[in-house]
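Coordinates in review
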Amino acid sequence: MQGVLPDHAIRAMIDRREIAAVIPPTADQIQPASLDLRLGTTAYRVRASFLAGDGTTVAARLNEFEMHRVDLTQGAVLEKGCVYVVPLMEELSLPEDVSAVANAKSSTGRLDLLTRTITDGGVEFDRIGPGYRGPLYAEICPRSFSVLVRPGMRLNQIRFRQGQAVMSDDDLRARHAESPLVSGTAVIDEGLGFSVDLKPDTGDLVGYRAKPHTGVIDLDNIAGYDPADFWEEVRTDEARIILDPGAFYILVSREAVTIPPDCAAEMSPYLAMVGEFRVHYAGFFDPGFGHAEAGGTGARGVLEVRCHEAPFVLEHGQVVGRLVYEKMAALPERLYGADLASNYQGQGLKLSKHFRM
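Okay, so let's go over this structure. As the structure is a computational prediction, the values presented were derived from the model and not from experiment.

1. Things to note about the packing of aromatic side chains
Two measures describe an aromatic ring pair: the distance that separates the ring centres and the angle between the ring planes. By the definition in use, this model includes nine aromatic pairs. The interplanar angle of 85° and the centroid separation of 5.6 Å between the aromatic rings of phenylalanine 145 and phenylalanine 230 together place this pair among those described as edge-to-face. One end of the pair, phenylalanine 145, is in the loop between β11 (133-142) and β12 (147-149); the other, phenylalanine 230, is in the loop between β17 (217-218) and β18 (231-235), with 85 residues separating them in the sequence. Residues phenylalanine 145 and phenylalanine 230 agree in their burial class; the two are buried. Look at tryptophan 231 and phenylalanine 355: their rings are 6.1 Å apart centre to centre, the planes differ by 80°, and that puts the pair in the edge-to-face class. Of this pair, tryptophan 231 sits in strand β18 while phenylalanine 355 sits in the segment after β26 (319-327), and the two are 124 residues apart along the sequence. Of the two residues, tryptophan 231 and phenylalanine 355, neither departs from the other in class, the shared state being buried. These aromatic residues form a ring-pair network of at least three members: Phe145, Tyr225, Phe230, Trp231, Phe248 and Phe355. Between arginine 159 and the ring centre of phenylalanine 284, over which it is positioned, the NZ or CZ distance is 4.3 Å.

2. Some remarks on the pattern of salt bridges
When their charged atoms lie close together, side chains carrying opposite charge are able to pair. In total, this model carries 26 salt bridges according to the counting rule given. Note that arginine 306 and aspartate 112 form a salt bridge whose closest N and O atoms lie 2.1 Å from each other. In this pair, arginine 306 sits in strand β24 (residues 299-307) while aspartate 112 sits in the loop between α3 (106-110) and β9 (113-119), placing the two residues 194 residues apart along the sequence. Classification of arginine 306 by relative accessible area gives buried; the value is 9%. In this structure, glutamate 232 engages arginine 209 in a salt bridge whose closest nitrogen and oxygen atoms are separated by 3.0 Å. Taken as a pair, glutamate 232 in strand β18 and arginine 209 in strand β16 (residues 205-210) lie far apart in primary sequence, 23 residues in all. Judged by its relative accessible area of 29%, glutamate 232 is partly exposed.

3. Describing the environment of arginine 322
Within the fold, arginine 322 resides in strand β26. On a C-alpha basis, the gap between arginine 322 and serine 268 in space is 5.5 Å, while along the polypeptide they are 54 residues apart. Polar contacts involving the side chain of arginine 322 include one to the main-chain carbonyl oxygen of glutamate 190, which spans 2.6 Å.

Conventions adopted
Residues numbered from 1 in each chain as written. Predicted model: local features only at pLDDT ≥ 70, side-chain atom pairs only at ≥ 80, totals over all residues. Heavy atoms only, no water. Phe/Tyr/Trp six-rings, centres within 6.5 Å; stacked < 30°, edge-to-face > 60°. Helix = DSSP H or I, 4+ residues; strand = E, 2+ residues; numbered from the N terminus. Buried < 20%, exposed > 50% of the residue type's maximum accessible area, 1.4 Å probe, protein only. Lys NZ or Arg CZ within 6 Å of the ring centre and 35° of its normal. Salt bridge = Lys/Arg side-chain N within 4 Å of Asp/Glu carboxyl O. Polar contact = N/O pair within 3.5 Å; in protein donor to acceptor, adjacent residues only side chain to side chain.

In structure tokens, the structure reads:
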């Protein structure tokens, strides 16, 4: 097999103990093209974000940067603006031809909860080389809201690849001509570009901006919070908004996208030269997202946007991100949105599942 490994291949990796944990992974951690990772029992408050670096373990770096430890077993608050490292329950013993990439889950990104995976000897966040053997850690930095966490919570996920998986632009053009990947005109340039929607079909609500001073969010409290306590509505009838420096926004793509069953995708920034804002990418899109076979009719991409040093005018239709499509090594047994607890199939502008919408 060559490509992104599907659910049944991930189960086989667990059976072979290439993915292992003291508390074995459960069936509902396995997604069509990824595995949810679980927090362990201790969080280490550290002075700064770090990578282990070649030849060094994360445990050794924790000895340098640890400020104090937080026991998560009864639940504990990770405070806004602080950096924590949490050992994950899962460990890896990858074959020499299998690599991995991790990413924040959708609900994690929509809370502006910066979560990245680090490994022993790692020189990049979220990238795990072929043949890696060792523990996994989550670096967690709540940016907008303090959060209550417990062991076993799943803030990030991991995807496994065998060989070359990324589809070329020519492949995408051919696939789009055969069955549209996106509503409207396809902008294909190192992936499928998508733009921001600031001109909704009805009304003038285009997004949400995080309030600066709020209460704690319990990540187990689903649909338990009033959005007005945490978010300000962003409205415009001018098809543009001005982003405030340091502010965090939830916006939505103008295009509805489709991920066919034999593909997976990852959201990436469109252009590093656009320096005044960044679209955060809590970005795994599973096979079947927005696809008719899984009950979808195309789904918008939710954009997690943070403005940097200067106010910036964002205009309707401005290209802000891209989907990098990858081929699956084999079809998954289940698709996103079909017989799964898929929170965002058919989504439009939507906050995380913790808010009543």
